[in-house]
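Observations on the model geometry
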There are 2 protein chains.
Amino acid sequence: MVTLDFDKLGGLIPAVIQDYRTGEVLMLGFMNAASWERTLAEGKVVFYSRARKKLWKKGETSGNEQIVREIRVDCDDDAILIKVEQVGGAACHTGHRSCFFRRLEGETLVEEGELIFKPEEVYKKKKP
Amino acid sequence: MVTLDFDKLGGLIPAVIQDYRTGEVLMLGFMNAASWERTLAEGKVVFYSRARKKLWKKGETSGNEQIVREIRVDCDDDAILIKVEQVGGAACHTGHRSCFFRRLEGETLVEEGELIFKPEEVYKKKKP
C-alpha cells in the first residue's frame, strides 16, 4: 500500500486532475485518507469537501464522474496527479470543461472555452 | 488586481505548474500573497516554502527557474495553474523532469522518465 503524507496539510493532500487524453488540467481538489482509499477502491475520483466537511464523489449530482486512468505521486508524497476520463466532458460546476477557464491578461481575468453544459439544467435536479 | 482566496488554507493557495509546451504537470507548490505578487512582478515562479517558512524562488539554487507563460485561476479563486517554460528541463530536485515521476501500478510506485540532471552535482554548490 502506498503511503501518502497527509500530515503536512492537516489530513489533506491536493489532487491535480488532468484529462488523460488532452493533458488539460481540469481541476484541483483535496483528499483525505478516506477519500484516497475510496478513489483507489472505486476507480473514480472521490474528494474531501472542505466546505461540506464530508466525502464528495465527483459527479454525484451532475453525473460528470471522473474515471481514474492513471495515478502519479509526487517526490515527497504530499501531492497526487490523477489522469482521468471526464464523463460528460466538463469538470467544472460552471459547465466549463476545466475549472481553470479564466486566463490572467494584464490585471483582469478573461473567460475562455465553450460551455459544455448549462449549470441550471444540470443542478436543478433534486437529489433522491 | 486579481483577488485570490488565501483564507481557505490559512494564507496559502496551491499552484499547479505545467509545462507550457508539452502540457506535462511538473509540480505542485504553494503560494502566499507575497509570493503571488512576486511571481506576477518578476514573471518567474516564486513559492512559499512551508518547510522553511519563507519565500522560495524556484531554481534559486539549481538555476532551474520557471518562466511564467500563462496564468489561470480556478472557478472559486482558490487555486491557480501556471504554464511555464522550465529552465534546465527539470522541475524536480531529484533531477526528474516532473515531480510526479512515480506512477501507481497495483500497490507500488514505479519510477518513470529520464534523469535530466544529477542532484549531487547541482546541489553540491554552496550558496554564496
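All values derive from a computational prediction rather than experimental measurement.

1. Concerning the overall build of chain A
- Each helix and strand counted, chain A has two helices and eight strands in total.
- Reading chain A from its N end, one meets helices and strands in the order β-β-α-β-β-β-β-β-β-α.
- A compact globule built from 128 residues would reach a C-alpha radius of gyration of about 14 Å, and chain A, at 15 Å, matches this within 12%.
- With respect to the principal axes defined by its C-alpha atoms, chain A has extents near 45 × 40 × 30 Å.
- If you sum the accessible surface of chain A, you get close to 6,300 Å²; carbon and sulfur atoms cover 49% of it.
- Averaging the coordinates of the 21 positive side-chain charges in chain A and doing the same for the 21 negative ones gives two points 8 Å apart.

2. As for the packing of aromatic side chains
Residues and elements named next belong to chain A.
- In this structure the tally under the stated criterion is four aromatic pairs over all chains.
- Lying across the ring of Y20, R69 places its NZ or CZ 4.6 Å from the centre.
- In this arrangement the basic side chain of R102 is found over the ring face of F101, its NZ or CZ atom lying 6.0 Å from the centre.

3. A word on unusual backbone geometry
Residues and elements named next belong to chain A.
- One non-glycine residue with positive phi stands out, namely K53, at about 55°.
- Here K53 falls in the exposed class, since its relative accessible area comes to 62%.
- The backbone phi angle of D77 is positive, close to 60°, even though this residue is not glycine.
- Within the element layout of this structure, D77 appears in the loop between strand 5 (66–73) and strand 6 (80–86).
- Relative accessible area serves as the criterion here: at 24%, D77 is assigned to the partly exposed category.

4. As for the relation of the copies chain B and chain A
- Under the fitted operation, chain B is carried onto chain A by 0.0 Å of movement along the axis and a turn of 180°, and the coordinates agree to an RMSD of 0.0 Å. Both chain copies can therefore be described as sitting about a two-fold axis. Minimal C-alpha separation from the rotation axis in chain B is found for G23 of chain B, amounting to 2.9 Å.
- Here 100% of the contact residues of chain B are again contact residues in chain A; the copies associate through an equivalent surface.

5. Focus on the side chain of K57 of chain B
Residue and element names in this part refer to chain B.
- In this structure, K57 sits in strand 4 (residues 54–57).
- Looking at K57, its side chain comes within polar contact range of the side chain of E42, at 3.5 Å.
- Dropping the residues within four chain positions of it, K57 is found in contact with R38, E42, K44, V45, V46 and E65.

Reading the values: rules and limits
Residues numbered from 1 in each chain as written. Chains lettered and ligands numbered in written order. Predicted model: local features only at pLDDT ≥ 70, side-chain atom pairs only at ≥ 80, totals over all residues. Heavy atoms only, no water. Helix = DSSP H or I, 4+ residues; strand = E, 2+ residues; numbered from the N terminus. Rg over C-alpha atoms; globule rule 2.2 N^0.38 Å. Areas by Shrake-Rupley, 256 points an atom, 1.4 Å probe, with all protein chains shown as cover. Lys, Arg positive; Asp, Glu negative; His and termini not counted. Charge placed at Lys NZ, Arg CZ, Asp CG, Glu CD. Phe/Tyr/Trp six-rings, centres within 6.5 Å; stacked < 30°, edge-to-face > 60°. Lys NZ or Arg CZ within 6 Å of the ring centre and 35° of its normal. Buried < 20%, exposed > 50% of the residue type's maximum accessible area, 1.4 Å probe, protein only. Least-squares fit on C-alpha atoms with pLDDT ≥ 70 in both. Contact = heavy atoms within 4.5 Å. Polar contact = N/O pair within 3.5 Å; in protein donor to acceptor, adjacent residues only side chain to side chain.

Just geometry here; none of it tells us what the structure is for.
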